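Below are the chains, spelled out letter by letter.
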Amino acid sequence: HCMDQLRLMSEEFDAFAALGVDVVAVSTDDPETSRKLKHNTEGVPFRMPILSDPSLAAFRAFHAYDDFEDAPLHGCFLIDRRGKVRFQRGSAEPFTDAQFLKREAARVDRL
């Protein structure tokens, strides 16, 4: 499931960039494993930076962690230029509605 979300965001990388949106992925893996994911041998292009958070600190801070299940969630966040979170979704399922994110990014930019 994580790969579906990563592939979609990578495919939409240029469309997000045209809206002034930076796409960044955060992995639960250690830095070396995250690097291998970015430069995978399957040839799947991940154009966005992939940051490493094996301690899950960012997942917890952004409420993308299920304390009951003791597991990270798929998170998707739209943060404006001032650092304010304008949209967030943490779920067991990946967020794959790129069209919604592009519309929201354009709307937030007008605020």
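This report concerns the structure included in the present document. (Residues numbered from 1 in each chain as written. Predicted model: local features only at pLDDT ≥ 70, side-chain atom pairs only at ≥ 80, totals over all residues. Heavy atoms only, no water.)

Focus: the nonpolar core
Then, number 1: Met 9, Phe 16, Phe 46, Met 48, Cys 76, Phe 87 and Leu 101 are the most contacted members of the largest nonpolar core, which totals 19 residues.
Then, number 2: A total of four residues in this core trace back to one element, the largest contributor, which is helix 5 (residues 98-110).
Then, number 3: Aside from chain neighbours lying at most four places away, what touches Met 9 is Phe 16, Val 23, Met 48, Cys 76, Phe 95 and Leu 101. (Core = buried A, V, L, I, M, F, W, Y, C linked by side-chain atoms within 4.5 Å. Buried < 20%, exposed > 50% of the residue type's maximum accessible area, 1.4 Å probe, protein only. Helix = DSSP H or I, 4+ residues; strand = E, 2+ residues; numbered from the N terminus. Contact = heavy atoms within 4.5 Å.)

Some thoughts on the state of the cysteines
Then, number 1: Overall, the coordinates contain zero disulfides when judged by the stated rule.
Then, number 2: The thiol sulfur of Cys 2 is not disulfide-bonded, and the nearest other cysteine sulfur, from Cys 76, lies at 13 Å.
Then, number 3: Exposure remark for Cys 2: the relative accessible area of 48% places this residue in the partly exposed category.
Then, number 4: You can call Cys 76 buried: its relative accessible area is 7%. (Disulfide = S-S within 2.5 Å.)

Some remarks on the pattern of salt bridges
Then, number 1: A complete count under the given rule lists seven salt bridges for this structure.
Then, number 2: Close ionic contact of Arg 7 with Asp 4 constitutes a salt bridge, the shortest N to O distance being 4.0 Å. One end of the pair is Arg 7 and the other is Asp 4, both in helix 1 (residues 2-11) and three residues apart, which spans about a single turn.
Then, number 3: The exposure class of Arg 7 is partly exposed, given its relative accessible area of 34%.
Then, number 4: Accessibility expressed as a relative area gives 43% for Asp 4, which makes it partly exposed.
Then, number 5: The partner of Asp 14 in a salt bridge is Arg 47, and the shortest N-O contact between them spans 2.9 Å. Here the residue Asp 14 occupies a position in helix 2 (residues 13-18), and Arg 47 occupies one in the loop between helix 3 (31-38) and strand 2 (50-52), the gap between them amounting to 33 residues. (Salt bridge = Lys/Arg side-chain N within 4 Å of Asp/Glu carboxyl O.)

Looking at the environment of Ile 50
Then, number 1: Note on placement: Ile 50 falls in strand 2.
Then, number 2: Residue Ile 50 is classed as buried on the basis of its relative accessible area of 14%.
Then, number 3: When the C-alpha positions of Ile 50 and Ser 34 are compared, they lie 6.5 Å apart, and in sequence the two are 16 residues distant.
Then, number 4: In this view, Ile 50 contacts Ala 25, Ser 27, Ser 34, Leu 37 and Lys 38; residues no more than four positions away in its chain are not counted.

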